[in-house]
Amino acid sequence: MAEENTDFGGTVEDEEDESSDDPNLQLELNVFRAQWMSELKPNSGMTKGQLRAADLKRTQELVQEEKARELFLKAVEEEQNGAVYEAIKYYRRSMQLVPDIEFKINYGRPSDTDRVGGNYMAENDVDDEIEDLLAYFQQQLTLEDSCPKICIPELEITQMHISALPPEVLMYIFRWVVSSDLDMRALEQLSLVCRGFYICARDPEIWRLACMRVWGRNCTKLVPFNSWREMFLKRPRVRFDGVYISRMSYIRQGEESLDGFYRAWHQVEYYRYLRFFPDGQVMMLTTPEDPMVIVPRLRSRNTRMESVLLGHYRLSQETDNQTKVFVVVCKRKEEKVSEYQRSRFCRRNTAPEAEHSFHVGLQLSSGGRQCFNKLLWIHHSCHITYRPTGETVVTAFDLDKMYAPFFFARVKSYTAFSERPL
């Protein structure tokens, strides 16, 4: 009996201990209830029926807006297909449902096919993250197979798969993808195939060779960059996968009419083109022809256009941390004709007594979302060298409004074929 009383007393003491915490719990509960009631207070005046009616009205508005959106997009599609009358009908129906539906639609453009793999210049990953991703992919390949392969076939095939090639051969293929034109965009797109291709595309040797092609002796050290890839992406340089275009226009006064009643005014428009090559050569052309006609003809430096100026360029980074491009171009030298061809013509053009070369100074900058896509004029002069005396006369031109900046335009056909590997 004594033991039972003892156990009973112990149980009573435990209950008393638990009941001692009840005031604190009750206080917290009252605080929670007060906060909850304060949140519901603005709607306290509305009945359940009113709340239900408000929800129903909101649902109807959403359904109506969605229907108007579908009709408006259908009208846009019909208009693009040339069915104007059908488009007007859908426009009218959509605006009858929601008058301002035009301003409620998101017109965001889908991702461009040129951005496959991301804009590797504008949206670069942090180098630390890339290293972690590389390490992660390498670890995954090692864990999956004791003898890791670059890739494995997704389906069973009877022919030889690319995964059977040695790594050296595969890296040589990657160098053909980059090519002598330094098409690093194609390399970035190739890295999206699989983890193994991603690892190959981040091979430091490929990016080191690309940097050597661009800067030569000036890129022996990585500092302040952490990798060769980071240097190629972030260090200022001219681009080779397109052409820099400058558009000029001005108005000039024409001749007076025969009756003297009016005098015509003409708007003159012409273009300047600059095409850079990785080996230091450059082409420059001034012409009134449209870029759609000229750009395809600038793909190769062996173009047959007589007005093209050929020369070389060099990059210079001054103390003010600005990258400048210095270009020297001149007319293409005529090929020497044989004695037999000379004798066939009684008249032949005499050799020019003076050589003309043009010296151009440009400042490299970035504009918008693209990098290194703008060239600003800082110098332009003409050097005339007289052959009989060897004297050189320099004429500097004043940089005025007639010297509009160059803007880069990417041309897919320039990197569509590979002539030589990197």
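Below: a short report on this structure. None of the values given here were measured: they were computed from a predicted structure.

Quick look at the pairing of strand 9 (residues 406–410) now. The sheet contact formed by strand 1 (residues 242–256) and strand 9 spans 4 bridges and is antiparallel. Opposite I245, over in strand 9, you have F407 as the bridge partner.

Under the criterion given, the structure shown has 11 salt bridges. Between R208 and E205 there is a salt bridge, and its shortest N-O distance comes to 2.8 Å. Of the two residues, R208 and E205 both sit in helix 9 (residues 204–215), 3 residues apart, roughly one turn of that helix. Classification of R208 as partly exposed rests on a relative accessible area of 27%. Taking the shortest distance from any N to any O, the salt bridge between E269 and R247 comes out at 2.5 Å. In this pair, E269 is assigned in strand 2 (residues 263–276) and R247 in strand 1, connecting sequence segments 22 residues apart. The exposure class assigned to E269 is partly exposed, which follows from its relative accessible area of 30%. Taking relative accessible area as the criterion, R247 reaches 46% and is therefore assigned partly exposed. Linked by salt bridges that have partners in common, E188, R202 and R229 make up one network.

Our next topic: the packing of aromatic side chains. By the definition in use, this model includes 10 aromatic pairs. Arranged with centres 5.8 Å apart and planes meeting at 65°, the rings of W207 and F232 form a pair that is edge-to-face. Taken together, the positions of W207 in helix 9 and F232 in helix 10 (residues 228–234) put the pair 25 residues apart, joining distant regions of the chain. Each member of the pair, W207 as well as F232, carries the same accessibility label: buried.

This brings us to helix 6 (residues 167–178). The first and last C-alpha atoms of helix 6 sit 17 Å apart over 12 residues, in line with the 16 Å expected at 1.5 Å per residue. For helix 6, the set of buried residues is L170, M171, F174 and V178. All buried residues of helix 6 project into a common sector of 100° when viewed along the axis, lining one side. Check the buried side of helix 6 and you find it contacts helix 7 (184–190), helix 8 (195–201) and helix 9. Directly after helix 6, the chain includes S179, whose backbone phi takes a positive value near 65°.

Moving on, we come to the nonpolar core. With 47 residues, the main nonpolar core has F174, F232, Y244, L274, F276, V325 and L375 as its most contacted residues. With 6 residues, the top contributor of residues to this core is helix 9. When sequence neighbours within four positions are dropped, the list of residues in contact with L375 reads Y244, L274, F276, V325, L362, Q363, L364, P405 and F406. Grouped together as the second largest cluster of nonpolar side chains are 14 residues, V243, M283, V295 and Y414 included.

Thresholds applied
- Throughout, residues of each chain are indexed from 1 in the direction in which the sequence is written.
- For this predicted model, a pLDDT threshold of at least 70 governs which residues receive local features, and a threshold of 80 or more governs which side-chain atom pairs are given and counted, while totals over whole chains, interfaces and linings are taken from all residues.
- Each side-chain value is derived from all of the structure's non-hydrogen atoms; neither hydrogens nor water enter the calculation.
- The rule for pairing is simple: two strands pair if DSSP sees at least two bridges between them.
- Only runs of H or I of at least four residues qualify as helices and only runs of E of at least two qualify as strands under DSSP, and these elements are numbered from the N terminus.
- The salt bridge criterion pairs a side-chain nitrogen of Lys or Arg with a carboxyl oxygen of Asp or Glu, the two atoms within 4 Å.
- Each residue is placed in one exposure class: buried if its accessible area under a 1.4 Å probe, protein chains only, is under 20% of its type's maximum, exposed if it is over 50%, and partly exposed if it falls in between.
- Here a Phe, Tyr or Trp ring, Trp counted by its six-membered ring, pairs with any other such ring whose centre lies within 6.5 Å, and the pair is stacked when the planes are under 30 degrees apart, edge-to-face when over 60, and tilted otherwise.
- Helix span is expected to be 1.5 Å times the residue number reduced by one.
- It is the directions from the helix axis to the C-beta atoms that the arc portrays.
- Only heavy atoms enter the contact rule, under which two residues are in contact if any of them lie within 4.5 Å.
- By convention a nonpolar core is built from buried Ala, Val, Leu, Ile, Met, Phe, Trp, Tyr and Cys residues, the set being connected through side-chain atoms within 4.5 Å.

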